[in-house]
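Each chain, written out:
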Amino acid sequence: MKNLTLIEHPLIKRDITILRDRDTPDPVFRVVLKRIAMILAAEVSRDLRLKSLNVKTPLERTSGHALAQDVVIVPVLRAGLGLLEGFLDVIPEARVGHIGIYRNEQTLQPVDYYSKFPRGLRKSVVMLLDPMLATGGSGSAALSFLKEKGARAIRFVTLLAAPEGVRLITRNHPDIPIFTTVLDRRLNNRGYILPGLGDAGDRIFGTD
Ligand code: PRP
Ligand code: URA
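Quick caveat: nothing in here was measured; it's all calculated off a predicted structure.

*Asks:* I would appreciate a short explanation of the overall build of the protein in the present structure.
*Replies:* The helix and strand inventory of the protein stands at six helices and 15 strands. Expected size for 208 residues packed as a compact globule is a radius of gyration near 17 Å; at 17 Å, the protein falls within 12% of this value. By its C-alpha atoms, the protein is 65 × 40 × 30 Å across when sized along the principal axes. Relative to its 208 residues, the protein shows a buried fraction of 47%. Across the protein, contacts joining residues at least 24 apart in sequence account for 63% of those joining residues at least 6 apart. Per element, the accessible surface of the protein, about 11,000 Å² overall, is 52% carbon and sulfur. If the 30 positive side-chain charges of the protein are averaged to one point and the 22 negative ones to another, these points end up 6 Å apart.

*Asks:* Even after reading the chapter, I still don't get the pattern of salt bridges, so can you show me in this structure?
*Replies:* Pairs may arise between side chains of opposite charge once their charged atoms sit close together. Counting across every chain of the model gives 11 salt bridges. When the shortest N-O distance is used, the salt bridge between Lys34 and Glu85 registers 3.2 Å. On the criterion of sequence distance, the pair formed by Lys34 in helix H2 (residues 26–44) and Glu85 in helix H3 (residues 81–90) is long-range, its members being 51 residues apart. Shared partners join several salt bridges into a network, and the residues in it are Arg14, Asp15 and Arg35.

*Asks:* Where do I start with the nonpolar core in this structure?
*Replies:* As a rule of thumb, soluble globular proteins bury nonpolar side chains together. Membership of the largest hydrophobic core comes to 37 residues, with the highest contact counts inside it found for Leu19, Ile36, Phe87, Met127 and Leu159. Listing elements by their share of this core, those giving two or more residues are helix H1 (10–20), H2, strand E4 (71–77), H3, strand E8 (125–129) and helix H6 (200–205). Tallying contributions element by element places H2 first for this core, with nine residues. With residues up to four places along the chain from it excluded, the contact list for Phe87 reads Ala37, Leu40, Ala41, Val44, Ile73, Met127, Leu129 and Val157. Judged by nonpolar contacts, the second largest core, of 22 residues, contains Val72, Ala142, Ala151 and Phe156.

*Asks:* Looking at this model, I keep getting lost on the environment of Ala162. Mind explaining?
*Replies:* Mapping Ala162 onto the fold places it in the loop between strand E11 (160–161) and helix H5 (163–172). Judged by its relative accessible area of 0%, Ala162 is buried. As a C-alpha pair, Ala162 and Asp199 span 37 residues in sequence and 14 Å in three-dimensional space.

*Asks:* Explain the site of ligand 2 to me, please; I cannot follow it from the model alone.
*Replies:* The environment of ligand 2 is made up of Arg103, Met132, Ala134, Gly191, Tyr192, Ile193, Gly198, Asp199 and Ala200. Within the backbone of Ile193, a nitrogen or oxygen atom sits 2.8 Å from an oxygen atom of ligand 2. Ala200 has a polar backbone atom sitting 2.8 Å from an oxygen atom of ligand 2. If ligand 2 stood free it would expose 240 Å²; the protein chains cover 89% of that surface. Considered class by class, the residues forming the shell around ligand 2 number five nonpolar, two polar and two charged.

Parameters at a glance
Residues numbered from 1 in each chain as written. Chains lettered and ligands numbered in written order. Predicted model: local features only at pLDDT ≥ 70, side-chain atom pairs only at ≥ 80, totals over all residues. Heavy atoms only, no water. Helix = DSSP H or I, 4+ residues; strand = E, 2+ residues; numbered from the N terminus. Rg over C-alpha atoms; globule rule 2.2 N^0.38 Å. Buried < 20%, exposed > 50% of the residue type's maximum accessible area, 1.4 Å probe, protein only. Contact = heavy atoms within 4.5 Å. Areas by Shrake-Rupley, 256 points an atom, 1.4 Å probe, with all protein chains shown as cover. Lys, Arg positive; Asp, Glu negative; His and termini not counted. Charge placed at Lys NZ, Arg CZ, Asp CG, Glu CD. Salt bridge = Lys/Arg side-chain N within 4 Å of Asp/Glu carboxyl O. Core = buried A, V, L, I, M, F, W, Y, C linked by side-chain atoms within 4.5 Å. Near = heavy atom within 4 Å. Polar contact = N/O pair within 3.5 Å; in protein donor to acceptor, adjacent residues only side chain to side chain. Nonpolar A, V, L, I, M, F, W, Y, C, P; charged D, E, K, R; others polar.

Keep in mind that these numbers describe shape and distance, not what the molecule does.
Following this line, the structure appears as structure tokens:
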């Protein structure tokens, strides 16, 4: 799994445990997800290029930095929205695209229903957000879609990944780095990640 980067951090490990807990109420789930998203955003941005600029402090002139690369954040609707705000807090200059995809619960095949992207994807660093990488069908479809729209430098950011999903993305999109915080054990026969955290979209939005 050479395309996979595990982002390990004590604060993330604590927070993942809160998210896994079935008794965590939805409002707490959302807050904790945002908190993890902020750490993830910092970690997946480590290699962004900088340009130099000058600023005046209250005392004197000094040199500093600004991001040299355009960043586009693309949450996969719905659950990716749970990560968006944390990413935007840390990278406020980013632009945002959206992809709507859900899994057909019987076939587990991805169904896409919406997309809207900012211009100039080809030159942007695109961060595709989805907390759950299960079979990999949704992520793989989202990546194909982004590539069709011209995106090149894409990184796929997830929270929990199943080995099955990582394998599918690696096979279909060997050029795409995947970031996750935990590689879980496997999928159950309904395509849910074990031990997982359940249905991320339902827990963020209070649906079932
Ligand atoms: C969840 C999740 C991923 C997908 C992962 O979305 O947010 O998009 O499942 O599963 P896969 O790797 O097997 O494709 P879901 O289909 O539940 O839609 P929702 O976010 O609208 O609830
Ligand atoms: N989607 C989820 O939200 N959870 C899973 O465990 C699998 C897919």
